[in-house]
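The residues making up each chain are set out below.
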Amino acid sequence: MSVSTPLPSNCNTVYTENSAASSGGVSSGSSSSSSSSSGSASFESTTPITADTKCSAAVNSELSVSASSAVKTNTTMSRPRSCTTDSPIHSKANKLLGADVSLFTQSSPLKPDLKKSSDPLELLPLPKNVGDEPISYENEPNEPPPDWAVQCLKHYPSFEQPDGEDNVRWMRVPIELATQLAPGSRDIMIRGGTIYKLIQYLTHPEESDMDFMHSFLICYSAFTTGPELLEILVARFFMRKPSWVDATQFSDMKQRIRLKVVNLLKTWTSMYQYDFKENLDLLRLASQILKVFSESCKVALIVLKNLERVRDWVSNPLGEPPPPIHLMDYGTVSSMLDFHPEELARQITLLEWELWSKIRPKEFIGQAWNKQAVKDKLAPNISRMVLESNKRTMWAITEIVRHDNIRDRAILLHRLILTADACFALRNYNAVMEIISALQNSAVHRLRSSWELLPGSTWDLYDKYTQLFDPKGNFSVYRETLKFAVPPCIPYLGVFLTDVVFVCDGNPNTVPDTTLINFVKYRNLSNVIKAIQQFQMQPHSFTSVPSYTKYLQDSANTCLTSDQAYDRSLAAEPTNKPLEPLTPKEQEAKRKQVEKLSKEIFSKEDSILLKAKKASKS
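Now for a quick tour of the structure.

Definitions and limits used
- Residues numbered from 1 in each chain as written.
- Predicted model: local features only at pLDDT ≥ 70, side-chain atom pairs only at ≥ 80, totals over all residues.
- Heavy atoms only, no water.
- Helix = DSSP H or I, 4+ residues; strand = E, 2+ residues; numbered from the N terminus.
- Contact = heavy atoms within 4.5 Å.
- Areas by Shrake-Rupley, 256 points an atom, 1.4 Å probe, with all protein chains shown as cover.
- Axes fitted to C-alpha atoms, helices over the stretch in contact; angles between N-to-C directions.
- Parallel < 35°, antiparallel > 145°, perpendicular 65-115°, else oblique.
- Nonpolar A, V, L, I, M, F, W, Y, C, P; charged D, E, K, R; others polar.
- Core = buried A, V, L, I, M, F, W, Y, C linked by side-chain atoms within 4.5 Å.
- Buried < 20%, exposed > 50% of the residue type's maximum accessible area, 1.4 Å probe, protein only.
- Expected span 1.5 Å × (residues − 1).
- Salt bridge = Lys/Arg side-chain N within 4 Å of Asp/Glu carboxyl O.
- Pairing = 2+ DSSP bridges.

Glancing now at the overall build of the protein. Check the secondary structure of the protein and you find 25 helices and 3 strands. A sequence separation of at least 24 residues applies to 76% of the contacts in the protein between residues at least 6 apart. As displayed, the protein has an accessible area near 29100 Å², and 53% of this comes from carbon and sulfur atoms.

This is the structure in structure tokens:
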């Protein structure tokens, strides 16, 4: 093993293995580092993972990705080595496959046989036994890689090679970024390297550099192709033991490396889906590779779900949305009772996407949406979305309290909660928050007799979403949920606005005691904006129903005020209390009466909703 030494004071650009930690042993930019101190170094992590629960915990941490990290870095890389067209792998692959696939590298061992595919979305089997002499895998006799992975190991052997000036260079973190380093982080960053060393750094078992990961995924096409990148990740996943690492250490580090490979694929497939939407062959290849990865690393199934969403999107593009669900003649909408909860969620989502997608970064500058005199001019889309969200909350309250019949109020409560559930499935978290706010409003929450009629399953959903948007811990439960959300998605705008206020109020515009621009403030503000922008790229695919849209817009403009809604609630269910409390026998009789009425109401209600959904598919 190489031994780390401090960076020489007279060396401000180059950082090699002989003078410092080996590849992947550093954290660049503002990334956080979990590695040991700079005085110790190893090629890879030797921290053991001895239980599946530890693996799951590690990947749960690794699989949380924030688009606020998606920034570019100035790195220079050398083009990876490639076999010639007359190499044994390439010539034998041509004989076996007979395919001319320009998107693959000429010497790719993983070319699919496109001629056998009649379905453009079919997941093709990978060819086997492509190549000549087998590669020894004596260090892990109980877990040999598939034959096609062996060819990747033969084709891309560079993960076994130690660092050197010919494959990786390091540099000090620029002074303007040095103050952003997390405590304990090293003040060096990767300057350039071969693609193998870049991927080695990305999948290092101890280091975590999300800025570098996003920069790599944005720019990789400048120095490699998607299929070649997948092949190199296969080689990394099934990498052989380096000569300077003993078998026990390698067994421990291997699982962490595999988790990092899966995490890289998760980020690629969730935040840069256009690579796969525009290249179905890449989608098929990635799906097959992940299926094999999942046999030894179960969390790869999470990434497969991302690809399934991409495949669903490709097979059902925006021009072919699912048919609307109608409860009746949709030309005569007069109440929320005329909507199926799923279709109501879709129509609300389309209206909110129109506002959400138009919000621009400059609207967050100076908290303009909070300034009455200039908000419509400087932050028009934020102001409008806040206004429409408040209107939709009051609309939901109005719909409930304006009904005199207790059965109708109970059904409306039930359908609103089902609509919140449908919005959650669509990842429209802003609409979920609007509905929960309406249900927790005092005018609605006090309608005890109506709430008592709800079935237990509806109460479970209500509890789920009230916990999701519990403000405790700065909306910690919701923030954790958003980490795993992938587009299309409409986040709850209020949390982002809170973050912007925190950044703006907590940082002055200029450096203290100077007139210099405090760019730290704007760097932090840009991180919040980047997190917003990642969810503005992909819209939902639904059909806008004009009569539904018109009703939603018109009724939101004619809803009751808060005072009017509370007065109407008092009229619907007065607060008169009985002179004497009910006896246990009377309480039991009332409970049975409520259960009977609830079953009568919601057995019919469920039948109506199910029938309408089936009809929309026929």
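Having seen the structure, we can now continue with the description.
Turning next to the packing of helix α12 (residues 341-356) against helix α14 (residues 380-401). With their axes 9 Å apart at the nearest point, α12 and α14 run at an angle of 160° to one another. Considered as vectors, α12 and α14 are oriented roughly antiparallel to each other. On the side of α12, the interface is formed by Leu344, Ile348, Leu351, Glu352, Leu355 and Trp356, while α14 contributes Asn381, Arg384, Met385, Glu388, Arg392 and Trp395. Each residue belonging to the contact of α12 with α14 can be placed in one class, and the counts come to 7 nonpolar, 1 polar and 4 charged.

Let us now look at the nonpolar core. In summary, soluble globular proteins display a tendency toward joint burial of nonpolar side chains. Judged by nonpolar contacts, the single largest core of 80 residues is most densely connected at Trp356, Phe364, Leu439, Trp451 and Tyr478. In terms of residue count, helix α15 (residues 406-425) provides more of this core than any other element does, 9 residues in total. If you look at the next biggest cluster of nonpolar residues, it comprises 57 residues, including Met213, Leu229, Leu265 and Phe293.

Moving on to helix α25 (residues 584-617). Over its 34 residues, α25 runs 49 Å from end to end, which matches the ideal 50 Å to within 8%, given 1.5 Å per residue. All of the buried residues in α25 are Ser598, Ile601, Phe602, Glu605, Leu609, Ala612 and Ser616. Each element contacted by the buried residues of α25 is listed here: α12 and α15.

What follows deals with the pattern of salt bridges. Counted under the stated rule, the structure contains 18 salt bridges. Note that Asp281 is salt-bridged to Arg284, the shortest N-O span being 2.2 Å. With a gap of 3 residues between them, Asp281 and Arg284 both fall in helix α10 (residues 280-296), about one helical turn apart. For Asp281, a relative accessible area of 14% corresponds to the buried category. Arg284 gets classed as buried once you look at its relative accessible area, which sits at 9%. Between Lys358 and Glu354 there is a salt bridge, with its nearest N and O atoms 3.9 Å apart. On the basis of relative accessible area, Glu354 is assigned to the partly exposed category, the value being 38%. Three or more residues are tied together by salt bridges with common partners; here these are Glu352, Arg392 and Glu434.

On to the pairing of strand β3 (residues 188-194), then. The buried fraction of β3 amounts to 6 of the 7 residues, a majority that puts the element mostly inside the structure. Sheet analysis places strand β2 (residues 168-172) next to β3, joined by 5 bridges and oriented antiparallel. Bridged to Trp170 within β3 is Ile190.

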